[in-house]
Amino acid sequence: MGLLSNRIHKESLKPGDHIYSWRTAYIYAHHGIYIGDDKVIHFTRRGQEVGTGTVIDLLLVSSGPARSLTPCPNCTSAEEGQGVILSCLNCFLAGGVLYRFEYAVSPALFLAKARGGTCTLAVSDPNDVVVHRAKYLLENGFGCYNIFKNNCEDFTIYCKTGLLVLDQGSMGQSGQAASIIGGPLAAVLSTPLRLVTTNVYGMAATAVTVYCASRYAADIGMRRDVVKVSVEDLTMRLATGLLQVVEPQILPTCAH
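A quick note: this is a predicted structure, and the numbers were derived from the prediction, not measured.

*Asks:* Hey, could you run me through unusual backbone geometry in this one?
*Replies:* Most of the time, phi is negative for any residue but glycine, and the peptide bond is trans. Its identity as a non-glycine residue notwithstanding, Asp38 has a phi of 60°, on the positive side. Within the secondary structure layout, Asp38 lies in the loop between β2 (29-36) and β3 (39-43).

*Asks:* Mind showing me how you'd approach the confidence of the model for the protein here?
*Replies:* Note that predicted coordinates carrying low pLDDT should not be read in detail. When the pLDDT values of the protein are averaged, the result is 76; 64% of them are 70 or greater. Counting contacts from residues 180-191, a segment whose pLDDT is below 50, to residues more than four positions away or on other chains yields 14 contacts. Scored below 50 in pLDDT, residues 247-256 shows ten contacts in the model against residues more than four places distant or in partner chains.

*Asks:* What is the right way to read the packing of helix α4 (residues 127-140) against helix α5 (residues 152-161) from this model?
*Replies:* Working note: a packed helix pair is described by the angle between its axes plus the distance between those axes. Interaxial distance between α4 and α5 falls to 7 Å at its minimum, and their mutual angle equals 135°. Compared by their axis directions, α4 and α5 come out oblique. The handedness of the crossing between α4 and α5 comes out as right-handed. Where α4 approaches α5, its residues Asn127, Val130, Arg133, Ala134 and Leu137 are matched on the opposing element by Phe155, Tyr158, Cys159, Lys160 and Thr161. The class makeup of the residues in the contact of α4 with α5 is six nonpolar, two polar and two charged.

Rules used throughout
- Residues numbered from 1 in each chain as written.
- Predicted model: local features only at pLDDT ≥ 70, side-chain atom pairs only at ≥ 80, totals over all residues.
- Heavy atoms only, no water.
- Helix = DSSP H or I, 4+ residues; strand = E, 2+ residues; numbered from the N terminus.
- pLDDT = per-residue confidence, 0-100.
- Contact = heavy atoms within 4.5 Å.
- Axes fitted to C-alpha atoms, helices over the stretch in contact; angles between N-to-C directions.
- Parallel < 35°, antiparallel > 145°, perpendicular 65-115°, else oblique.
- Left-handed = near helix turned anticlockwise from the far one by under 90°.
- Nonpolar A, V, L, I, M, F, W, Y, C, P; charged D, E, K, R; others polar.

See the structure below:
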C-alpha cells in the first residue's frame, strides 16, 4: 500500500479490515467489512449500493457494476427493508480494484489524500470487536439507508470505531459525503475572498484550503458531536425509535 494509494492485494486481507472499491469513473466507492473466508458484510439501500430515492439514482446506479441475472450461491440476497447483506469478495468488488481504508492517519497524510472516503484520523477498535459489530448488524440491521447521513461508509466506520454522530440533523461519518458537501462549500466560502485575491491561482489555492479545512473538521476523528455506542444498544435504539435515520422519500407526482 503506497503513500497516497490504499490499493492492496487480497492476500493481505485480515478479518475486520474496512475495504472499499471505486465504481465506474470513480464517481463513488462502495465500502464493507471483510470478515474472513472471502466474505464481506456491507450496507446497501435494499440491495442497491447507493440510492437517494430521487432522480439522482439514475446517475448513481448507472455508474455501478452490472448485476448478474444469476444469483451468486455464495451471497445472501437483501430482503425488502433490510440493507445489511453478506457477499463474497468477488461480488463485492464487482470487477473493481481492492482498497483498504486507513485509520489513525496523521493530519498531514489525511490532507494529502485529496479525495474523501479513503482514511480517517479516528482510531479503529480491535478486529474481533469490528467483526462482532458487523455480524450483529447483519442480523439486526442498521436503520434506513441515507446517502448523506447513513450510507455504506457510515456503516463500516461505525463497525470499526463504534462512534455515532449525536445530532442526526448533521452530516454522518462519511468522508465521501464530506467531500461532496465540501467542494461546493469551498467554492461558496471562497467567493467573497475575490475582493482580496484577484489572481486566479490565489483564488484556486483559497478554495482548496477551505475544502481541506471542511474535510478535516468533518472527519469522525475530529468531531465533538460523536459518542461511543455499543452495537447492542444501537440496535435497541433503532428498534424502539430512540434513534432514527429517515430514508429520503419520493414525492408523488400529480396525474394530469
